[in-house]
Amino acid sequence: TWLAYHRVKIGVERFFIRIEGTPELSKLLSSAPWDTCVTATFAADGGRDYFTQTDRQAAHVIASIPEARRAGCTHLLHI
């Protein structure tokens, strides 16, 4: 998965992810090894609208900054 690639190959230590319309990922992300490195925010549906997608992404990044600081992160990368 792209999570494994970024964790193992690139060395990303922490993920702050917004997941839209896929609540079944909650079980996967709450189990090892993801439970220690992924903070996931779940939303019922994002609407798949490009114009609101950028607003949703910006809001998620802004909301993740304080969480990242509390987790000791010094850098964030929006992928």
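A brief report on the enclosed structure follows. The structure displayed is predicted, hence computed values, not measured ones.

**Some details on the environment of Arg48**
Mapping Arg48 onto the fold places it in the loop between strand E2 (38-43) and helix H3 (50-70). Sequence separation between Arg48 and Glu20 is 28 residues, and the spatial gap between their C-alpha atoms is 9.2 Å. Excluding its chain neighbours within four sequence positions, the residues that come into contact with Arg48 are Glu20 and Arg56.

**Topic: the pattern of salt bridges**
Enumeration according to the criterion identifies two salt bridges in this entry. A salt bridge links Glu20 to Arg18; the nearest nitrogen and oxygen atoms lie 2.7 Å apart. The class for Glu20 is buried, based on a relative accessible area of 13%.

**Section: the packing of aromatic side chains**
One pass over the structure, following the stated rule, counts one aromatic pair. Judged by centre distance (6.2 Å) and plane angle (80°), the ring pair of Trp2 and Phe15 falls under edge-to-face. In this pair, Trp2 is assigned in helix H1 (residues 2-10) and Phe15 in strand E1 (residues 15-20), connecting sequence segments 13 residues apart. Positioned above the aromatic ring of Phe16 is the side chain of Arg14, whose terminal nitrogen or guanidinium carbon lies 5.6 Å from the ring centre.

**Observations concerning H3**
Taking 1.5 Å per residue as the helical rise, H3 with its 21 residues ought to reach 30 Å, and the 31 Å between its terminal C-alpha atoms agrees with that figure. Approximately 30° is the largest bend angle found in H3, and it occurs at Ser64, with the proline Pro66 only one to four residues beyond. If you check which residues of H3 are buried, you get Arg56, His60, Ser64 and Ala68. Taken from the residues just after H3, Gly72 is the one with a positive phi, measuring 85°.

**Here we look at the nonpolar core**
Core analysis: the largest hydrophobic core is formed by eight residues, namely Leu3, Phe15, Ile17, Ile19, Leu29, Trp34, Cys37 and Val38. By residue number, the principal contributor to this core is E1, which donates three residues. Ignoring sequence-local partners within four residues, the contact set of Phe15 consists of Trp2, Leu3, His6, Arg7, Cys37, Val38 and Thr39.

**Concerning the environment of Cys37**
Within the element layout of this structure, Cys37 appears in the loop between helix H2 (25-29) and E2. Classification of Cys37 as buried rests on a relative accessible area of 1%. Those residues in contact with Cys37 that sit more than four places away from it in its chain are Arg7, Glu13, Arg14 and Phe15.

So, how was this worked out
Residues numbered from 1 in each chain as written. Predicted model: local features only at pLDDT ≥ 70, side-chain atom pairs only at ≥ 80, totals over all residues. Heavy atoms only, no water. Helix = DSSP H or I, 4+ residues; strand = E, 2+ residues; numbered from the N terminus. Contact = heavy atoms within 4.5 Å. Salt bridge = Lys/Arg side-chain N within 4 Å of Asp/Glu carboxyl O. Buried < 20%, exposed > 50% of the residue type's maximum accessible area, 1.4 Å probe, protein only. Phe/Tyr/Trp six-rings, centres within 6.5 Å; stacked < 30°, edge-to-face > 60°. Lys NZ or Arg CZ within 6 Å of the ring centre and 35° of its normal. Expected span 1.5 Å × (residues − 1). Bend = angle between axes of the 7 residues up to and from the residue. Core = buried A, V, L, I, M, F, W, Y, C linked by side-chain atoms within 4.5 Å.

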